[in-house]
Amino acid sequence: MIKVKNLVKDFGRRRAVNGVSFEVEKGTVLGFLGPNGAGKTTTIRMIAGFLPPSAGTVTVKGIDVATDPVAAQKNIGYMPENAPLYEDMTVSGFLRFIAEIRGFSGTEQKNRVDQVIERCFLQPVKNQTIDTLSKGYRQRTCFAQTLLHDPDILLLDEPTEGLDPNQKQVVRDMIREMAPEKVIMLSTHVLEEVEAICTRAIIISAGKVVADDSPAALRQRSSSYNAVELAAKGQGIAEKTGELPEVGKTEVLEAAGDTCRLRIFPKAGKNAVPALLAAAQQQGWTIEDLKVDEGRLDDVFRQITTTEDTKEAE
């Protein structure tokens with residue numbers, strides 16, 4: 001559905017995107033991650049045909065975006081950063097205007113506008129001018145215009161930026177509902193967003209792709225993956241857990257008398273839980289709490305992007 005090959009974008013002497021390549025298939029919700037200035041928005045704009053690349057190619061459903069942008073854009077719904085809108089128009093008037101630009105008229109235009117107003121929960125504000133809308137309704141209005149022509153590909157640049165938790169949930173639910181039948185690519189620096197709705201994540205740093213995997217697989221790269229937080233009562237718990245062959249390191253978080261709370265890091269590729277349970281039974285410890293860490297995407301993100309930024313500086 002989307003093929004990006006060796007994409008490059010230069011702004012004068014500054015290279016914002018540096019040889020980015022990836023492909024995206026139908027049914028994917030792709031989180032496009034990176035720190036500020038990493039090249040996320042620039043890449044999205046090139047895929048949308050909004051910016052021409054300095055080098056490389058983008059094809060959408062087999063159509064080259066550079067050589068036939070209009071044909072490619074018929075398959076794309078693009079929500080730019082900061083939800084640009086005509087503020088003196090009403091919500092319904094703006095959507096009718098966009099529908100007309102897309103080539104719809106008469107009953108079909110009315111039906112499509114009514115459908116996206118309902119789908120994006122805009123009924124309460126459909127007759128208000130856009131300059132009177134809250135941030136959440138503005139975002140939803142911009143989202144609605146991406147859906148008017150029922151495109152196979154949605155490109156969403158920071159779709160929940162500045163929204164409160166309830167408003168974010170509305171947008172996430174809409175994305176989940178549409179995901180099986182489309183490619184949805186969302187640019188974001190909010191890791192919570194990726195974990196909540198994305199099936200795949202690409203991390204870009206200094207204009208380059210530095211990671212591409214599912215959020216779950218990326219979490220497994222975290223130093224805290226499979227770490228165990230153990231609260232137990234007994235004698236010599238910290239010392240004896242540290243001697244287990246599956247354990248690489250033990251940290252004491254709290255200790256009072258014969259009760260302690262530990263953070264236990266297994267050796268690479270090991271699972272420390274069975275050994276800990278066996279030791280507790282053998283030593284007569286009372287386990288009060290045991291939690292296994294699934295890994296942290298923010299740890300992986302910092303590690304990957306900091307390393308890449310350091311390389312770039314050198």
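Conventions used here
- Residues numbered from 1 in each chain as written.
- Predicted model: local features only at pLDDT ≥ 70, side-chain atom pairs only at ≥ 80, totals over all residues.
- Heavy atoms only, no water.
- Pairing = 2+ DSSP bridges.
- Helix = DSSP H or I, 4+ residues; strand = E, 2+ residues; numbered from the N terminus.
- Axes fitted to C-alpha atoms, helices over the stretch in contact; angles between N-to-C directions.
- Core = buried A, V, L, I, M, F, W, Y, C linked by side-chain atoms within 4.5 Å.
- Buried < 20%, exposed > 50% of the residue type's maximum accessible area, 1.4 Å probe, protein only.
- Contact = heavy atoms within 4.5 Å.
- Polar contact = N/O pair within 3.5 Å; in protein donor to acceptor, adjacent residues only side chain to side chain.
- Salt bridge = Lys/Arg side-chain N within 4 Å of Asp/Glu carboxyl O.
- Parallel < 35°, antiparallel > 145°, perpendicular 65-115°, else oblique.
- Left-handed = near helix turned anticlockwise from the far one by under 90°.
- Nonpolar A, V, L, I, M, F, W, Y, C, P; charged D, E, K, R; others polar.
- Phe/Tyr/Trp six-rings, centres within 6.5 Å; stacked < 30°, edge-to-face > 60°.
- Lys NZ or Arg CZ within 6 Å of the ring centre and 35° of its normal.

Novice: Lay out the sheet that holds strand β14 (residues 286-292) in plain terms, naming residues and giving numbers.
Specialist: For sheets, the rule is that strands pair by backbone hydrogen bonds, running either parallel or antiparallel. Here four strands make up an open sheet; going across it, the order is β12-β13-β11-β14 and the pairing antiparallel. Edge positions in the sheet fall to β12 (247-256) and β14, since each has one partner strand and no second. Between one strand axis and the next, the sheet turns by 20° as a mean value, whatever way the strands run. Here β12 runs beside strand β13 (residues 259-266); their pairing, made up of eight bridges, is antiparallel. Among the inter-strand pairings, Glu251 is bridged to a residue of β13, identified as Arg263.

Novice: Tell me what's going on with the nonpolar core, and back it up with residues and numbers.
Specialist: Leu95, Leu122, Phe143, Leu156, Ile175 and Ile184 are the most contacted members of the largest nonpolar core, which has 46 residues in total. The element contributing the most residues to this core is helix α3 (residues 91-101), with five residues. Contact partners of Leu95, with chain neighbours within four places excluded, come to Val113, Val116, Ile117, Leu122, Thr141, Ala144, Gln145 and Leu148. Core analysis: the second largest hydrophobic core is formed by 28 residues, Leu30, Leu51, Val60 and Ile202 among them.

Novice: Before we move on, can you summarise the side chain of Glu193 with the specific residues and values?
Specialist: Counting through the fold element by element, Glu193 comes out in helix α7 (residues 191-197). In terms of polar contacts, Glu193 uses its side chain to reach the side chain of Arg172, at 2.9 Å. Discounting residues that sit within four places of it in the chain, Glu193 has contacts with Pro159, Thr160, Arg172, Leu186, Thr188 and Cys198.

Novice: Which residues make up the pattern of salt bridges, and what values do they have?
Specialist: Summed over the entire model, instances satisfying the criterion amount to 22 salt bridges. Here Asp114 and Lys110 are joined by a salt bridge, their closest N and O atoms 2.8 Å apart. With a gap of four residues between them, Asp114 and Lys110 both fall in helix α4 (residues 106-119), about one helical turn apart. By relative accessible area, Asp114 is classed as partly exposed at 35%.

Novice: Describe in detail the environment of Ile44, supporting the description with residues and values.
Specialist: Looking at the element boundaries, Ile44 is found in helix α1 (residues 40-47). Taking relative accessible area as the criterion, Ile44 reaches 0% and is therefore assigned buried. Along the chain, Ile44 and Met185 lie 141 residues apart, while their C-alpha atoms are 8.6 Å from each other. For Ile44, the contacting residues outside a window of four places in its chain are Tyr78, Leu155, Met185 and Ser187.

Novice: So what's going on with the packing of α3 against helix α5 (residues 135-147)? Residues and values would help.
Specialist: At their nearest, the axes of α3 and α5 sit 10 Å apart, and the two run at 25° to each other. Comparing the axis directions of α3 and α5 gives the class roughly parallel. The handedness of the crossing between α3 and α5 is right-handed. Between α3 and α5, the contacting residues are Val91, Phe94, Leu95 and Ile98 on the first element and Thr141, Ala144 and Gln145 on the second. Grouping the constituent residues of the contact of α3 with α5 by class yields five nonpolar, two polar and no charged.

Novice: Describe the packing of aromatic side chains, and please don't skip the residues or the numbers.
Specialist: Scanning the model with the defined rule gives three aromatic pairs in all. Ring centres of Phe22 and Phe32 lie 5.8 Å apart, and the angle between their planes is 50°; on these two criteria the pair is classed as tilted. With Phe22 in strand β2 (residues 14-24) and Phe32 in strand β3 (residues 29-33), the pair connects residues that are 10 residues apart, well separated along the chain. This pair shows no difference in class: Phe22 is buried, exactly as Phe32 is. For the ring pair Tyr86 and Phe97, a centre distance of 5.7 Å and an interplane angle of 80° mean the geometry is edge-to-face. Placement of Tyr86 in the loop between β6 (76-79) and α3 and of Phe97 in helix α3 is noted, with a sequence separation of 11 residues between them. Here the aromatic cluster, defined as three or more aromatic residues joined through ring pairs, consists of Tyr86, Phe94 and Phe97. Its end group placed over the ring of Phe11, Lys9 keeps NZ or CZ at 5.5 Å from the ring centre. The aromatic ring of Phe265 is capped on one face by Lys249, whose charged end is 4.9 Å from the ring centroid.

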